[in-house]
Structures are given as C-alpha cells and as structure tokens.
Amino acid sequence: MSLDVANVASTQVDATSENVTARRSAYRFLRGRSGSSAWLVNAVRLVLVVVWLGSWELSARTVIDPFYYSMPSRIWERLVDWFTNGTSQGSIWANIEVTLEEAVLGFAIGTLAGVVLGVVLGRSRFLAEVLAPFIKGTNAIPRIVLASLFVIWFGLGMTSKVATAFVLVFFAVFFNAFQGAREVDRVLVDNARILGASRWDLMRTIILPSATSWILASMHVAFGFALIGAVVGEVVGADRGMGLLISRSQGNFDAAGIYAGMLIITAVALVAEWLITKLETRLTRWRPQQSSSAAAGI
Amino acid sequence: MTPLTPVPAISLRGATKRFATRSGAPFTAITDVTLDVAPGEFVTIVGPTGCGKSTTLSLVSGLEPASAGTVEVHGRPVTAIPDGIGYMFQTDAVLPWKSVLDNVALGLRYHKVAKQEAHARARDWIQRVGLAGFEDRYPHQLSGGMRKRVAMAQSLIGEPSILLLDEPFGALDVQTREHMQDELLDLWSGTGAAVVFITHDLTEAISLADRVVVMTAGPGTVKETVPIDLPRPRKVEEIRLTPEFTEIYRNVWNSLREEVEITRARGASRVA
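On a predicted model such as this, the values are computed, not experimentally measured, just so you know.

*Asks:* For the overall build of chain B, give the residues involved together with the corresponding values.
*Replies:* Across its full length, chain B holds eight helices and 10 strands. A compact globule built from 272 residues would reach a C-alpha radius of gyration of about 19 Å, and chain B, at 19 Å, matches this within 12%. Taking the principal axes of its C-alpha atoms as reference, chain B extends roughly 55 × 50 × 45 Å.

*Asks:* Please provide a residue-by-residue account of the overall build of chain A, values included.
*Replies:* Looking only at helices and strands, chain A features 14 helices and zero strands. Counting all 298 residues of chain A, 35% fall into the buried class. Partitioning the contacts of chain A with sequence separation of at least 6, the portion at a separation of at least 24 is 76%.

*Asks:* Give a detailed account of helix α13 (residues 255–283) of chain A, specifying residues and quantitative values.
*Replies:* Its 29 residues place the ends of α13(A) 42 Å apart at the C-alpha level, agreeing with the 42 Å of an ideal helix rising 1.5 Å per residue. For α13(A), the full list of buried residues reads Ala255(A), Ala256(A), Gly257(A), Ile258(A), Tyr259(A), Ala260(A), Gly261(A), Ile264(A), Ile265(A) and Ala272(A).

*Asks:* Account for the interface of chain B and chain A, naming residues and giving values.
*Replies:* On the side of chain A, 16 residues touch chain B, which itself brings 20 residues to the contact. The set of elements that each furnish at least two residues to the side of chain B that touches chain A consists of β6 (85–88) and α2 (100–110) of chain B. Of the residues assigned to the side of chain B that touches chain A, the class counts are 13 nonpolar, seven polar and no charged.

*Asks:* Give a description of the environment of Ser88(A) that names residues and reports values.
*Replies:* All names here are of chain A. Within the element layout of this structure, serine 88 appears in the loop between α5 (72–85) and α6 (92–123). Classification of serine 88 as exposed rests on a count of 12 C-beta atoms within 10 Å. Taking the C-alpha atoms as reference, serine 88 lies 13 Å from glutamine 250; in sequence the two are 162 residues apart.

What counts, and at which threshold
- Residues numbered from 1 in each chain as written.
- Chains lettered and ligands numbered in written order.
- Predicted model: local features only at pLDDT ≥ 70, side-chain atom pairs only at ≥ 80, totals over all residues.
- Helix = DSSP H or I, 4+ residues; strand = E, 2+ residues; numbered from the N terminus.
- Rg over C-alpha atoms; globule rule 2.2 N^0.38 Å.
- Buried ≥ 20, exposed ≤ 12 C-beta atoms within 10 Å, placed from the backbone.
- Contact = placed C-beta atoms within 7 Å.
- Expected span 1.5 Å × (residues − 1).
- Nonpolar A, V, L, I, M, F, W, Y, C, P; charged D, E, K, R; others polar.

So this is what it looks like as structure tokens:
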C-alpha cells in the first residue's frame, strides 16, 4: 500500500511545468475520447451487471440452493422490507446512523491522532528511534481481535466500536503521516529557516502541507477501515447497528439479510469515498491537474 | 583587527567542515578556508565539482556549524542563522502549495508583518522582478526562469545585508540565465549587500564579480583570489566581449584547470 502511495505522491510533486502542459493536453485528449464513448462504457458496464445478476438468479432457481447462496430477487425483497417495514432491530435508518456515527467518530479521532503522532515522530529522529519497536509491535497485533477486548472494557454501547475503528484507522494514517513528514524536501525546510520560520511556522507552512498528499491518500483506506472496525465491533457484541443486523441474519441462516447488510455498508462507504475525494481536490488545488486523478478513482 | 579596517560582512578563518559518513570515517568537505567579504562586495566562488562550495555557504548561513575555525557575520560568530541573510538555493525552494504572492511574502509573514502590509510589499517586489500579473499563479504554472524570479523576490524582500546564491541560474537556458544575471546586478546595485555567488560557469563568475575566488579540488580550500577590475554598471552580454575580460578569463581558467584535472583524474581512477 505504502508503495502505491509513494508513486502517487512523487509523480504529483515532480511534475515540472513543461510536462504538465503535455500531460494536460494528453489528459484532455483521453477525456475527450472517453467522453464521446462514455455511453459505450456505461452500456458495457450495465451488460456485465445484468449478466452477473441474471446468471446468479437463474442458477439459484435451477442448480444451486438459494438457502445457502440466496439470490438477487430475495436480497432486493429484503432491502425493500427493511426500508419499508423496518428490521428486527428497529428502523433501518437508525441502524445505519449508529454504525455511521461509530465509524465517523473512530475515523476522526484516529486520523487526528495518526497525523499528530506521525508528524511529530517524523520530525524527531530520537523519539522515532525510541518508539519504533513498540509501534511495529502494536501494528503486528491482529488488531481486529481487540474488538472482543473492547466489548469487555467498554460494554455493548458505542464506545467499544469507536475504539475498534480507532485502532484500525490510527495505524493506516500514522504510517503515511510519518513517511510524509520524513520525505519533506530539505531545501524547503532550509529555505524557510533562512527566511526566519520558527519551529511552529515550519510545522504549519512546510511540513504539514508537504505531508498532506500522503495523509489524504491514507484517508481513503482509513475510512474503509473505520467502517470495518465499527461493523466487526457490532458483530462481536452490540445492541444496535448494521453489524448486529448482519450477525442476527447469520444466526437465522438468512443469507439474503447478510447480503443486504453488506450492500448498505458498501453504499455508505462509496458516499464517504466520494466526500473524501472532494476534500482532497479542495486541499490540493495548488497541484497540477493530471491523469492520476483518473487512476485514483479505481 | 585594527579599528581602521571596517568589519567585514563575512569572515571565515580556517573554517573546516567534516561530515560523518555511513562507514564512520569522517569526510572532509572543506579545509582551512579563509575568506573575507566586505559589505557591498560581490564575490563569486568557482571550483571543481565536489570541492565544498555549497558547504562554505551553509557555514556562513548558519545551517551547518563549522567543525573547526571561525565563521563570523558582521563581526559576530555564527551560532544560529544570522539576521539579514538571504539565500537562493540551487534547486527550487518556492513552496508549490502557495501562490506567487504568498511565496514572496513568506519571509515577512514569518517575521510577523501584518498580512496586508506583507502583501503590499510582496506586490512591489513581484513587479520589480517582472512578474506583475502572476501574483495568483501557483509555481507549477510558471516556467523555470519565472520560478527563479519568485525565489529572487522571496530572498530580497527581507532586504538582506548578505546574499548567498548557490548556482541559482544553473538550470536555466543560456538566454534566460544572462537576462537573470543582469537583473540580479540591477537589483543588487546600491543595496550595499555583500554577495557570495557560487557557480560552475566561469563567464558568469567573472562578469558578475568584484572578486573571483578559485577553490581547490576537494577537500576544498581557497586557492587564489582574482580581483576583477571591470567597470560597473555592467551588461553581462557586452562585457564578456571585451579584451580585458578575455585576459582575466584566461588567468582564472589556468588556475581552475589544474583543479578540474585533479578532480577528473580522481573520477577516472574511481571508475577504473
């Protein structure tokens, strides 16, 4: 993961004005071409979805046992049922809200802690050397297991899920912020020092903006982790939320319910991804536009 | 120092810089460099690759401490970055995430000048380096030469009494470089700033300087100082066509050539 991030960051930073214009026109060309055949791309996508769902539906009605594998029409029925009549655990919106709240809280706290600690350690060789084995050790723990521990510590409520989301998000953001703070161009730091920057000025105007590409890149992955943390926390033990809904469906051998829960979480994740991309574009307006944004969409 | 001689802007006495290398053996970048630069004097330093020219600047700027010898700026030993230093780096040092205006105003903002005043002064400097109309552009939208102008305005806006330039125009094409050299001379003349300018380009070194300092092959030390008695104000495109210039060029090149050959021979033996 970190390697991909490195590539994106370096291509974005290295772009010189000469090849920017070249890249831009190439980008426009690509866009123009895909623009003229956009309907074709979408049509083929639609065909793929129809073929996939159709063959699933068909085989579930003929060959495979829908009790284990369910089928699209049943999943759709379950979704309609949840949104119109509510679920066994109350209104579906309330459940989505709980899970989302846990994920967002864990994401926010985890990102903040990851950025602060990452940047501080990235700029302090001594601290980084002292803490390196502990951080590597903690990172090696299968952290998802901590969800069980958190339920014992914090109970069935929201806190234990926020904690699970936090430990997943924190490390994803921390390592990127750390690397980002390390890779700051030395000349930029020296130049700012000559111009009279204080330590805080350096942090604010040089190091944080430099590390922003890295931090933002990690946030895409981190929100996914936050959702996973919240849902797994709920599966382990909860009184509300999408994870509970899924684990109840599992208890009832209700494959359609598991699929339906999965679909809802996926939709939430896609919306969040879209919002983070918006934020990224806003924070990196100074960067040359280039085709990497298209690649990042994948 | 007798009271009659004015305090030099920069004074190096036996300055030596050693770096620790990965193998543990110290690497000596410069050794026993002794050099004075008077206020208002333009000194260029030439020398073969790797002779420690940039290291000399980093000692004067206080970015690196000297391992031995003394480094003084305006008569005071350098312990941190001294006040009134301007430094133009070899590579781009403008902040890619700030507009031209904010880049030029950066030093003033660090010195707690109010935003409005800082921007007003920055606009003035942007005009002086010929970038009026580009205030809101980001560096990636500018050419290499324009980015150098931004860097120049960024360094000069603090009105430094000492200006250090580390091959600032090395990456530019010949026409842009000559143009920038003229502009630098224009902006510098009358400011009374002491300038130390590092370059590989002997023509550049002679056409800009009051004195050219030739350094030896690394670990570098001062080999020879050549005074350049060409009249000012100068136009760099014209001055290098004069017979006086050619004469000086021959002298300096003879001195520099030996050092370049030593460096080359070392490179060749390392390859072999």
